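Next come the chains, spelled out residue by residue.
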Amino acid sequence: MHSIPGRDRSNHGLPTHLTPAVSGVPSVVDSLRIHSGARVPFSVEFNPPRDTAGEARLWRTVREFERMHPAFVSMTYGAGGSTKDRTARITGQLAQQTTLLPVAHLTAVGHSIAELRALVGSYADCGIRNILVLRGDPPGDPLGEWHRHPEGVEYAEELVRIVRDLGDFNVGVASFPQGHHQSPDLPTDAQFLAAKLRAGADYSITQMFFEVDHYLRLRDRVAAADAEQGAKPIIPELMPITSLRTIARAEELSGRALPESIMRRLRAAAGTGAEENRAAVRAAGIEIATEMAQRLIDEGAPCLHFITLNFAKATTEVLTNLGYEVTAAPLSA
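Summarised in this report is the structure supplied together with it. In this text the structure is predicted, and so the values were computed from the model without any measurement.

Tallying secondary structure elements over the protein chain gives 13 helices and nine strands in all. Taken over 333 residues, the protein chain has a buried fraction of 54%. Sequence separation of 24 or more characterises 76% of the internal contacts of the protein chain that already satisfy a separation of 6 or more. Carbon together with sulfur atoms contributes 51% to the accessible area of the protein chain, which is approximately 14500 Å² in total.

Right under this line is the structure:
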């Protein structure tokens, strides 16, 4: 494994059921502090590839981002645990074969408590300390009815406690700037987030959004619900739009339609021809993401978390626009 500055492999008196590798791994919160300097830290999200070609592309992207020194990287987990084995394997490789700090996703949907504990143990065996805990979406329909596994958990709050009880893990949870679709209202949704943080979560990463005011109001609501928990990092998630086709993907991931003000800009860039002016749409999408990121920086966001779809170029362009030093031009489209 490549060394990471400040990574110590000694046990430091932590519970003996934790491997020494986990006990010396920085937490996400520590990494945000380490990377906070002239620029707000950034982080990136990868998806488990579907095939060999996709895995090769992912690793090219991983190496491109490795040169840029993100605060952390996360690997998603397919709906219903559909990519569990691939997620676990690649996240372990990120921990063992790169200098990156990986965050493993862990979802409750479709799993018993015993299976969840075993998966956490497999992450620990790979030297992974940072876990993003999610209840997860029902397979096939992210907005469908949730069904608890007969031997599983009902809420992410329970899963947070399970992971924390297993050892010295740094736990993140999801937050929803426009509210989770099953929450009765925004104040109640903020109470749910505060409860997950009180259960032992150290930070949250938002669902993707396209209006910065939604993020700012989320911070206000959590602080009003619980001032102590509201002081924990709420990391905004962004995805640069690079074509009209990616709009559908963005709306699927965010659970919301894009604001009409943004759609007007993208449609105007696309033009009225039979084929969209993809270069213009991409330029508009990069510009929109840059504007959002700059305002988030101005408003004190602790980190910028980018959905990459396993490509580096769009995120790199946004970072370059913001004045970040990118050490090498990315190879990916």
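Don't stop here, the text continues.
A word on the sheet that holds strand β3 (residues 102-107). What the nine strands build is an open sheet, ordered β7-β6-β5-β4-β3-β2-β1-β9-β8; its pairing is parallel. Looking at strand neighbours, the two that pair on one side only are β7 (234-235) and β8 (237-238), the edges of this open sheet. For strand β2 (residues 73-75) and β3, the ladder comprises three bridges, and the chain directions are parallel. Within β3, the residue paired with Val 73 across the bridge is Pro 102. Against the sheet, helix α7 (residues 186-198) contacts β5 (170-175) and β6 (203-206), and its axis sits at roughly 175 degrees relative to β5.

Looking at the element boundaries, Leu 193 is found in helix α7. Along the sequence, Leu 193 and Phe 176 sit 17 residues apart, while their C-alpha atoms lie 8.7 Å from each other.

It is worth spelling out the pairing of β6 at this point. Consecutive residues of a regular strand have side chains that alternate between opposite faces of the sheet. Burial of the side chains of β6 extends over both faces: Tyr 203 and Ile 205 are buried on one face and Ser 204 and Thr 206 on the other. For β5 and β6, the ladder comprises four bridges, and the chain directions are parallel. Opposite Val 173, over in β6, you have Ser 204 as the bridge partner. Where β6 meets β7, two bridges bridge the pair, whose relative direction is parallel. Paired with Ser 204 across the bridge in β7 is Ile 234.

Along its 15 residues, helix α3 (residues 52-66) runs 21 Å from first to last C-alpha, staying within 8% of the 21 Å computed at 1.5 Å per residue. Within α3, burial applies to Gly 54, Glu 55, Leu 58, Trp 59, Thr 61, Val 62, Glu 64, Phe 65 and Glu 66. Where α3 begins, one side-chain oxygen reaches toward the backbone nitrogen of Ala 53, 3.3 Å away; that side chain belongs to Asp 51.

This part covers the packing of α7 against helix α8 (residues 212-225). Across the interface, α7 lies against α8 with an axial gap of 9 Å and an inter-helix angle of 65 degrees. In terms of their interaxial angle, α7 and α8 are classed as roughly perpendicular. Every pair of crossing elements has a handedness; the one defined by α7 and α8 is right-handed. Within the contact between the two elements, α7 uses Leu 186, Pro 187, Ala 190, Gln 191, Leu 193, Ala 194 and Leu 197 and α8 uses Leu 218, Arg 221, Val 222 and Ala 225. Tallied by class, the residues present in the contact of α7 with α8 amount to nine nonpolar, one polar and one charged.

A separate point is the packing of aromatic side chains. Within a pair of aromatic rings, the relevant descriptors are the distance that separates the centres and the angle that separates the planes. According to the stated counting rule, one finds three aromatic pairs in the structure shown. With 6.1 Å between their ring centres and 50 degrees between their planes, Phe 46 and Phe 65 make a pair best called tilted. Placement of Phe 46 in strand β1 (residues 42-46) and of Phe 65 in helix α3 is noted, with a sequence separation of 19 residues between them. Taken as a pair, Phe 46 and Phe 65 share a single burial class, namely buried. Ring plane angle 10 degrees and centroid distance 5.9 Å describe the contact between Phe 209 and Tyr 215, whose orientation is recorded as stacked. Phe 209 sits in the buried class, given a relative accessible area of 1%. Over the ring of Tyr 324 we find Arg 39; its NZ or CZ atom is 5.8 Å from the centre of that ring.

What counts, and at which threshold
- Residues numbered from 1 in each chain as written.
- Predicted model: local features only at pLDDT ≥ 70, side-chain atom pairs only at ≥ 80, totals over all residues.
- Heavy atoms only, no water.
- Helix = DSSP H or I, 4+ residues; strand = E, 2+ residues; numbered from the N terminus.
- Buried < 20%, exposed > 50% of the residue type's maximum accessible area, 1.4 Å probe, protein only.
- Contact = heavy atoms within 4.5 Å.
- Areas by Shrake-Rupley, 256 points an atom, 1.4 Å probe, with all protein chains shown as cover.
- Pairing = 2+ DSSP bridges.
- Axes fitted to C-alpha atoms, helices over the stretch in contact; angles between N-to-C directions.
- Expected span 1.5 Å × (residues − 1).
- Polar contact = N/O pair within 3.5 Å; in protein donor to acceptor, adjacent residues only side chain to side chain.
- Parallel < 35°, antiparallel > 145°, perpendicular 65-115°, else oblique.
- Left-handed = near helix turned anticlockwise from the far one by under 90°.
- Nonpolar A, V, L, I, M, F, W, Y, C, P; charged D, E, K, R; others polar.
- Phe/Tyr/Trp six-rings, centres within 6.5 Å; stacked < 30°, edge-to-face > 60°.
- Lys NZ or Arg CZ within 6 Å of the ring centre and 35° of its normal.

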